[in-house]
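Observations on the model geometry
Spelled out from the first residue to the last, the chains are:
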Amino acid sequence: MKKLLVLFMGIVLVIAIAACGNKDTKSAQSSTSPAATTQAAGQQVLLKATNFKFDQSEYRVKKGEPVTITLDNAQGVHGASIKEFKINLDNSNKTVTFTPDKAGTFPINCSIMCGSGHANMKTTLIVE
Ligand SMILES: [Cu+2]
């Protein structure tokens, strides 16, 4: 009779632990994803290039904070050069992280002869 009671207690204990375990995994799942994405962010600039323009006429970043610039050639083959910061991106070197140490307005030019619109293919990096 005692053995049965111990067995019964054991089963109750296992159920209780399983229920707690379920609760833990559920709350962990719902809380992880938003926190993880904000942590990895930082300043991001995506230069989306098509024939023959970048997707924005200006890109704003903050001075003194690391910024990751990524070139995305959505159409054609283009490069992105920011002379002031000695940056030159192309398909073999698509992304760079640097910290702008001065404020101002700096031109971004296409650095690859991409066709008839090449000379006008430019945009602006604004550091403020
Ligand atoms: Cu070009």
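Use the structure listed above.
None of these values were measured; they are calculated from a predicted model.

A short note on the pattern of salt bridges
Within this structure, the stated rule accounts for 3 salt bridges. As a salt-bridge pair, Glu-128 and Arg-60 come within 2.8 Å of each other at their nearest N and O atoms. Of this pair, Glu-128 sits in the segment after β9 (122-127) while Arg-60 sits in strand β3 (residues 59-61), and the two are 68 residues apart along the sequence. Lys-102 serves as the salt-bridge partner of Glu-84, at 3.0 Å between the closest nitrogen and oxygen. Taken together, the residues Glu-84 in the loop between β5 (80-82) and β6 (87-89) and Lys-102 in the loop between β7 (95-98) and β8 (104-109) connect sequence positions 18 residues apart. Within this structure, Glu-58, Arg-60 and Glu-128 form a network of salt bridges that share partners.

Overview of the sheet that holds strand β2 (residues 53-54)
For sheets, the rule is that strands pair by backbone hydrogen bonds, running either parallel or antiparallel. As summarised here, the arrangement of the 4 strands in space is β2-β1-β4-β7, forming an open sheet in which the pairing is mixed. Each of the sheet's edge strands pairs with one partner strand only, and the pair in question is β2 and β7. The pairing of strand β4 (residues 67-73) with β7 spans 4 bridges and is classified as antiparallel. Looking at the pairing, Ile-69 lines up with Val-96 of β7.

Calculation notes
- Residues numbered from 1 in each chain as written.
- Predicted model: local features only at pLDDT ≥ 70, side-chain atom pairs only at ≥ 80, totals over all residues.
- Heavy atoms only, no water.
- Salt bridge = Lys/Arg side-chain N within 4 Å of Asp/Glu carboxyl O.
- Helix = DSSP H or I, 4+ residues; strand = E, 2+ residues; numbered from the N terminus.
- Pairing = 2+ DSSP bridges.

The values reported here are purely geometric and, on their own, carry no functional implication.
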